[in-house]
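# A look at the structure
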Amino acid sequence: MMMVMQPEGLGAGEGPFSGGGGGEYMEQEEDWDRDLLLDPAWEKQQRKTFTAWCNSHLRKAGTQIENIEEDFRNGLKLMLLLEVISGERLPRPDKGKMRFHKIANVNKALDFIASKGVKLVSIGAEEIVDGNLKMTLGMIWTIILRFAIQDISVEETSAKEGLLLWCQRKTAPYRNVNVQNFHTSWKDGLALCALIHRHRPDLIDYAKLRKDDPIGNLNTAFEVAEKYLDIPKMLDAEDIVNTPKPDEKAIMTYVSCFYHAFAGAEQAETAANRICKVLAVNQENEKLMEEYEKLASELLEWIRRTVPWLENRVGEPSMSAMQRKLEDFRDYRRLHKPPRVQEKCQLEINFNTLQTKLRLSHRPAFMPSEGKLVSDIANAWRGLEQVEKGYEDWLLSEIRRLQRLQHLAEKFQQKASLHEAWTRGRAPFSFRAGKEEMLNQHDYESASLQEVRALLRRHEAFESDLAAHQDRVEHIAALAQELNELDYHEAASVNSRCQAICDQWDNLGTLTQKRRDALERMEKLLETIDQLQLEFARRAAPFNNWLDGAIEDLQDVWLVHSVEETQSLLTAHEQFKATLPEADRERGAILGIQGEIQKICQTYGLRPKSANPYITLSSQDINNKWDTVRKLVPSRDQTLQEELARQQVNERLRRQFAAQANAIGPWIQGKVEEVGRLAAGLAGSLEEQMAGLRQQEQNIINYKSNIDRLEGDHQLLQESLVFDNKHTVYSMEHIRVGWEQLLTSIARTINEVENQVLTRDAKGLSQEQLNEFRASFNHFDRKRNGMMEPDDFRACLISMGYDLGEVEFARIMTMVDPNAAGVVTFQAFIDFMTRETAETDTAEQVVASFKILAGDKNYITPEELRRELPAEQAEYCIRRMAPYKGSGAPPGALDYVAFSSALYGESDL
């Protein structure tokens, strides 16, 4: 009687064992047609294999069978077998021993088989009860197919093809093994040994196996499987080797036991691999977070230490001390700040890269510690640069103030010294005794009329001289006042000296008026006067003042800042030299008057005077001062020429700096614009874009030497106290800011491409897709600033085929613009376009993987973690998992569910 078995709901060509290519149960129908004339060798192999398979399950219920066609006849062990392998309860069996009781029990077993989707055609319980071997073997094969093989699935194939594909993959690396079927491919025993070695290399030394020893190989596999894998021996090595084509069903049954023995280990390995992958992502992200926090803390701490130094505006009293401050500031700009600029840029790049990785792994965005956001660092940096600019302006202003103070102080000391020398006169007294002594004399009381008149004229000359010095005294007082207003550090000594001069000047005015009054009273008594001496005095006094003024001007100090100002001084000096011939004639005329006086005295026998009664100035004094003027003129010539040379050097420095700055400034601006264009219009593969950007970056770095040379020229200008330059609109500060902007721009553009590479690789995008996304984004980036406004973004989506209502578009905007900034960046656009198709890992998947490692428990032990995971990942989990709080867990049990959820929760950094 023929038995046909087919699952419920499957027609011909739809069997579950063919992967969609044909009905496996239909094939079995044909096989059993042939089995009516079953090969005796196959019948022997099936009897042994099926018996051993049934016993491997029945022993769990404490029983077994000896004769497969006899021991199932009453249906009791058949029902027990189905309960063991299905885990379900069958109807209560009939207790009687009559034939109809046995048939009823077998029918209950066959009904249960049918309830599992297997249609039994042309078979009744009578054949089983009657001990029909072929029908009994067919029924057991049906059970094996349904409960041991049907659920095997590898890459969407199932049953026989799935089991065969599993065997092929596991044995592919082994020499002399080529699994193509379930009969001849297993005859030499190497395939079975390879399956065992692949999963338990400690059990078999595969290298020592020989292809020409099939009996030995098969027995080795049978013995190891029975001893270590709890798979009973179901076949005889000799039967397999001596049969041209071993029974396929017997081989499949035996091999399926290996699949089930190793499937749990493979499932655990897959789960462990998934967990390791997730943990690796989290560990790497946490490392990046810690690096960001550390770098941000160091940068903020440096800013915190630097700002008070730059805010300190306490000046130094001397020019040398202030120049040291300026040198310290130049060292800060040249040596200390540039590395921090790079750190700030790198910090932003690290932050963007970390956020990209978090997005790609579907982790929440990284939120730095309070006060360490990128915006916080940018605000602190802006504050630093504002203070820095104010500090540099203050330094230069303070140096200019000290420079002017030094010039005014020198001028005050020179003017004061000249005035004090004038007040001392020729008298061998202290500096206040000369003029005051003269004014306090009472020589007129015993003088003749002529002498009194002479004394009066002499006093008039003195008054003229005194009036001529009024401007000098006022100038000295003005210089002292200006030094006080500019907070000169030695203002006290200047004020003391100025006050002494003013007090003395007031006293001289009082004494002068008093002496004039006395002389005028005496004048009425005296009438004789020497006109020639008076003439000498009248002409000599102003000439003497002119000489004093000339000497003062020739010794005067100056402060100039340009070649033009120096040329102006030279022109004035040449004009002064042009007046010397006329002055020399005046000198001759004055000396001629003195000569005439002496001639008159000789002519009329008058007693010659040792000194002119009208003036203390002698011809020798005039000659001496004239000689001093003549010596000072060439000295002044040389000093002015030296100053001219210095100003010419400064002018060359200005032009040299300007020539470089006028080239560097436009170059930097052009590069900034070029990088901007590159960022907006990147073309080609990401690798080509990266190579082009790296080349641009290298070109920029190579250009750094030009910036360094310009810094050197700028330092020379500052050391020469040159602070203005009419030949260029570019200051060193402009160049520095532009250079830093260029470095930041190229670094950010490179980082954007790097993030696109990360996105492409993580999302599995093709270069064509990325190019299409970039082209669409650029087209709707109206302002060419790397961002789309909401209306442009909406138009872009519509152009790509999205049918958007207001509600749907609002939902999308919350995804691409979570901070409501009002713009959509290219990275956010890419994330949105790839979000729906990306493969992701989830908290639920990780929980499921841990559940496999835990043996389906709701907790896991440290021992299980150390057994299933690599050491580093195991210890990472043990440190971070909370104790399990549920009931029934052993001490030390850990909560893997809470841990898995935390992996996808907010970061605690």
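It should be emphasised that the depicted structure is a prediction, and the values quoted were computed from it without experimental measurement. (Residues numbered from 1 in each chain as written. Predicted model: local features only at pLDDT ≥ 70, side-chain atom pairs only at ≥ 80, totals over all residues. Heavy atoms only, no water.)

Within the chain, the secondary structure is distributed over 33 helices and eight strands. Taking all 909 residues of the chain together, the buried fraction comes to 48%. A separation threshold of at least 6 residues defines the contact pool for the chain, and within that pool the share at least 24 residues apart is 75%. Surface summary for the chain: the accessible area is close to 44900 Å², and the carbon and sulfur share equals 50%. (Helix = DSSP H or I, 4+ residues; strand = E, 2+ residues; numbered from the N terminus. Buried < 20%, exposed > 50% of the residue type's maximum accessible area, 1.4 Å probe, protein only. Contact = heavy atoms within 4.5 Å. Areas by Shrake-Rupley, 256 points an atom, 1.4 Å probe, with all protein chains shown as cover.)

The next point concerns helix H17 (residues 470–485). Taking 1.5 Å as the rise per residue, H17 with 16 residues should run 22 Å; its terminal C-alpha atoms sit 23 Å apart, in good agreement. Directly beyond the C-terminal end of H17, a positive phi value near 60° is found at aspartate 487. (Expected span 1.5 Å × (residues − 1).)

On to the packing of helix H9 (residues 190–199) against helix H10 (residues 214–228). Between H9 and H10, whose axes approach to 8 Å, the crossing angle comes to 35°. Between H9 and H10 lies a crossing of left-handed hand. Every residue of H10 that contacts H9 at Leu190, Leu192, Cys193 and Ile196 is listed here: Asn217, Leu218, Ala221, Phe222 and Val224. (Axes fitted to C-alpha atoms, helices over the stretch in contact; angles between N-to-C directions. Left-handed = near helix turned anticlockwise from the far one by under 90°.)

Attention shifts here to unusual backbone geometry. Positioned with a positive phi, asparagine 176 is a non-glycine residue whose angle comes to about 65°. Given a relative accessible area of 40%, asparagine 176 falls into the partly exposed group. Phi is positive for aspartate 230, which is not a glycine, with a value near 60°. Within the fold, aspartate 230 resides in the loop between H10 and helix H11 (237–242).

A word on the confidence of the model for the chain. For the chain, per-residue confidence averages 82 on the pLDDT scale, and residues scoring 70 or more make up 88% of the total. Contacts of residues 426–433 to residues separated by more than four positions or lying in other chains number 11 contacts, the stretch itself having pLDDT below 50. (pLDDT = per-residue confidence, 0-100.)

This brings us to the side chain of histidine 57. In this structure, histidine 57 sits in helix H2 (residues 40–58). Accessibility expressed as a relative area gives 18% for histidine 57, which makes it buried. Once residues lying within four places of it in the same chain are set aside, the contact partners of histidine 57 are Leu81, Val84 and Ile85.

This brings us to the environment of valine 560. Structurally, the position occupied by valine 560 is in the loop between helix H19 (531–555) and helix H20 (563–578). Taking the relative accessible area as the measure of exposure, valine 560 reaches 9% and is therefore buried. Setting aside residues up to four positions removed in sequence, valine 560 forms contacts with Glu565, Thr566, Leu569, Glu643, Arg646 and Gln647.

A few words on the environment of asparagine 285. Topologically, asparagine 285 is positioned in helix H12 (residues 248–311). Apart from the residues lying within four places of it in its own chain, the contact partners of asparagine 285 are Leu354, Lys357, Leu358, Ser361 and Arg363.

A few words now on the packing of aromatic side chains. Scanning the model with the defined rule gives 31 aromatic pairs in all. Here a set of aromatic residues connected by ring pairs shows up, and it is made of Trp302, Trp309, Phe329, Tyr332, Trp381, Tyr391 and Trp394. The side chain of arginine 146 reaches across the aromatic face of phenylalanine 147, ending 5.3 Å from its centre. (Phe/Tyr/Trp six-rings, centres within 6.5 Å; stacked < 30°, edge-to-face > 60°. Lys NZ or Arg CZ within 6 Å of the ring centre and 35° of its normal.)

If you trace the backbone, asparagine 219 turns up in helix H10. Here asparagine 219 falls in the buried class, since its relative accessible area comes to 19%.

On to the pattern of salt bridges, then. Overall, the coordinates contain 62 salt bridges when judged by the stated rule. One salt bridge connects arginine 47 with glutamate 69, and the closest N-O pair in it is separated by 2.7 Å. A residue pair is termed long-range when its members are at least 10 positions apart, and arginine 47 in helix H2 and glutamate 69 in helix H3 (residues 68–71) qualify at 22 residues. When the shortest N-O distance is used, the salt bridge between arginine 333 and glutamate 388 registers 2.7 Å. Of this pair, arginine 333 sits in helix H13 (residues 319–360) while glutamate 388 is found in helix H14 (residues 374–424), placing the two residues 55 residues apart along the sequence. (Salt bridge = Lys/Arg side-chain N within 4 Å of Asp/Glu carboxyl O.)

Attention shifts here to the nonpolar core. Formed by 77 residues in total, the largest nonpolar core has its most connected members in Trp53, Ile140, Trp186 and Phe258. The element best represented in this core is helix H7 (residues 133–149), accounting for 11 residues. Excluding residues within four positions of it along the chain, tryptophan 186 makes contact with Cys167, Val179, Asn181, Ala191, Leu192, Leu195, Leu218, Ile240, Ile251 and Val255. (Core = buried A, V, L, I, M, F, W, Y, C linked by side-chain atoms within 4.5 Å.)

Attention shifts here to the packing of helix H30 (residues 843–853) against helix H33 (residues 896–903). Relative to each other, H30 and H33 sit at 150°, their axes nearing to 9 Å. Regarding the angle of H30 to H33, the classification is roughly antiparallel. As for how H30 packs across H33, the hand of that crossing is right-handed. On H33, the residues touching Ala843, Val846, Val847, Phe850 and Lys851 of H30 are Tyr896, Val897, Phe899, Ser900, Ser901 and Leu903. Classifying every residue of the contact of H30 with H33 gives eight nonpolar, two polar and one charged. (Parallel < 35°, antiparallel > 145°, perpendicular 65-115°, else oblique. Nonpolar A, V, L, I, M, F, W, Y, C, P; charged D, E, K, R; others polar.)

Our focus in this paragraph is the environment of alanine 541. Its location among the elements puts alanine 541 in helix H19. Residue alanine 541 is classed as buried on the basis of its relative accessible area, which comes to 10%. C-alpha of alanine 541 to C-alpha of isoleucine 615: the two residues are 74 residues apart in sequence and 7.7 Å apart in space. Residues within four places of alanine 541 in sequence aside, it is in contact with Phe536 and Ile615.

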